[in-house]
Amino acid sequence: MNERLHSVLAQRGVTPELLAEACEVDPKTVGRWLGGRIPHPRHRHRVAKHLRVEETFLWPAPQALSRPTAGVQGTELLGTYPNRASVPRDTWLGLLQQAQEQIDVLVFSGTFFAQSNPHVARMLAARAADGVRVRLCFGDPSGQSVSIRGREEGIGDTLAAKIRASLTYYRSLLTVAGCEVRLHDATLCTSLFRYDDTLLANPHIYGQPASANPVLHLKWAETNGWFDTYAHSFDAVWAGARPWTSDREEATAHGQD
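Values in this document were obtained by computation on a predicted structure and should not be read as measured data.

Enquirer: Honestly, the packing of helix α6 (residues 89-98) against helix α8 (residues 120-129) in this entry has me stumped. Any pointers?
Expert: How two helices sit against one another is set out by the angle between their axes and by the gap between those axes. Where α6 contacts α8, the two axes come as close as 9 Å, and the packing angle between them is 25°. Here α6 lies roughly parallel to α8, going by the angle between them. Residue-level inspection shows L93, L96, Q97 and Q98 of α6 in contact with α8, the latter providing V120, M123, L124 and R127. Among the residues making up the contact of α6 with α8, the classes are represented as five nonpolar, two polar and one charged.

The following block contains the structure:
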C-alpha cells in the first residue's frame, strides 16, 4: 500500500479516476499504484507534477524509507506552493471539513479565509459541534505589530481596517462552545493553518503581502520536526493574545475605546 499517495490524493481532493484521466491511464492502473506498484518513470513524473509534490516523496528510494528526508528532520513535506493563491480552494475546504480534533489559524487579517468561503463561520461552528477545538488568532488592529506591518507593506492603516472587516465574519462564533477568537500583537513571521496533523505554513517576506508568499504543506511525522516547531509557535502567540469581544472592537473602530 502506498500510504503517501493515498494521503496526498485525499489532501488534494483528487480521486483515483481523476488522476487516471490526468495521466492518461486506466483507473485500474492507478489502483495498482495505490496498492504499492511503482509506476513507469514518465508516469511518476506526471503524477508528481499533477499533485504538486516531489516525486521522491511518493516513491522514495528503498534506502530512504528508513530515515527522514535530509534537512526535513522527520517532518513529511507533502508539497509546496509558490504563493498562497496557488493553494486550491478544495484543499482549504477539505482540510477544514476533515479535521477531527483541532483547527488553529494564526494570521494578521486572513481576509481571504472568509472571502473565499462565505460560510466559513458556519462550517467552523459545525466542526466545533462535532468536538473539534477551534482557535482563531488575528492581529490586534490597535496593536503596534499591525501598524509596523502596514508600513512595511506600504498600505498604512489599511491592514488594521482589513482585520476589523475580517473579524465581522466570525462574530457569530463568540457564543459557540469550542470556538475561541483572540487578537495578538506579535511580530508574525508566518501565517499558520493547522488541521489536526496537517499544517499549511505561509512564511512572510519583508514588504510583501502574505498572499504573495510561498506555502509549505506539512504533515506531522515525529516529535521536534518542522510541524512541532510551527505548532509550538502558534501556542506561544496564542498564550499572549487577548480574547476578542465584538463590542470592544466595534467601539475601537469608532474611536470610543
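Next comes the rest of the write-up.
Enquirer: Which parts of the structure should I look at to understand the pairing of strand β3 (residues 133-139)?
Expert: For a regular strand, the rule is simple: side chains alternate between the two faces of the sheet. Summarising burial for β3: six of the seven residues are buried, a large majority. Here β3 pairs with strand β4 (residues 179-184) via six bridges, running parallel. Bridging across to β4, V134 finds its partner in C179.

Enquirer: Even after reading the chapter, I still don't get the side chain of H43, so can you show me in this structure?
Expert: Residue placement: H43 occurs in helix α4 (residues 41-51). Among residues more than four places away in sequence, those in contact with H43 are C23, V25 and W33.

Enquirer: Help me understand the packing of helix α2 (residues 16-23) against α4 in this model?
Expert: For the pair α2 and α4, interaxial distance at closest approach is 10 Å and the crossing angle is 120°. Judged by the inter-axis angle, α2 sits oblique to α4. Once α2 is placed against α4, the crossing between them reads as right-handed. From α2, L19, A22 and C23 reach across to α4, where they touch H43, R46, V47 and H50. Here the residues of the contact of α2 with α4 sort into four nonpolar, two polar and one charged.

Enquirer: It is not clear to me how the pattern of salt bridges should be interpreted in this structure. Could you clarify?
Expert: If charged atoms from side chains of opposite charge come close, those side chains can pair. Inspection of the entire model under this criterion finds nine salt bridges. For R46, the salt bridge identified is with E24, shortest N-O distance 3.4 Å. Placement of R46 in helix α4 and of E24 in the loop between α2 and α3 (27-34) is noted, with a sequence separation of 22 residues between them. For R46, a relative accessible area of 33% translates into the label partly exposed. On the accessibility criterion, E24 (64% relative accessible area) is exposed. In this structure, D104 and R135 form a salt bridge, with 3.0 Å as the shortest nitrogen-oxygen distance. Of the two residues, D104 is situated in strand β2 (residues 102-106) and R135 in strand β3; the sequence distance between them amounts to 31 residues. Take D104 and R135: they sit in the same class, and that class is buried. In this structure, a network of salt bridges that share partners links the residues D104, R135 and D235.

Scoring rules and cut-offs
- Each chain has its residues counted from 1, running along the sequence as written.
- Note on the predicted model: pLDDT of at least 70 is required for a residue's local features to be given, and 80 or more for side-chain atom pairs to be given and counted; whole-chain, interface and lining totals, by contrast, use all residues.
- To obtain the side-chain values, all non-hydrogen atoms of the structure were used and water was disregarded.
- To get an axis, fit a line to the C-alpha atoms, keeping to the stretch in contact for a helix; angles then go from 0 to 180 degrees between the N-to-C directions.
- Under the scheme used here, helices are H or I runs from DSSP no shorter than 4 residues and strands are E runs no shorter than 2 residues, and both carry numbers assigned from the N terminus.
- For classification purposes, an angle smaller than 35 degrees is called roughly parallel, one larger than 145 roughly antiparallel, one from 65 to 115 roughly perpendicular, and anything else oblique.
- Contacts are assigned to residue pairs that have any heavy atoms within 4.5 Å of one another.
- Throughout this entry, Asp, Glu, Lys and Arg are counted as charged residues, while Ala, Val, Leu, Ile, Met, Phe, Trp, Tyr, Cys and Pro are counted as nonpolar. The remaining residues, Gly among them, count as polar.
- Buried residues are those whose accessible area, probed at 1.4 Å on protein chains only, stays under 20% of the maximum for their type, while exposed residues exceed 50% and partly exposed ones sit between those limits.
- Strands are treated as partners if at least two bridges between them are detected by DSSP.
- In this scheme the handedness of a crossing depends on how the near helix is turned from the far one: anticlockwise by less than a right angle means left-handed, clockwise means right-handed.
- Counted as salt bridges are all cases of a side-chain nitrogen of Lys or Arg within 4 Å of a carboxyl oxygen of Asp or Glu.

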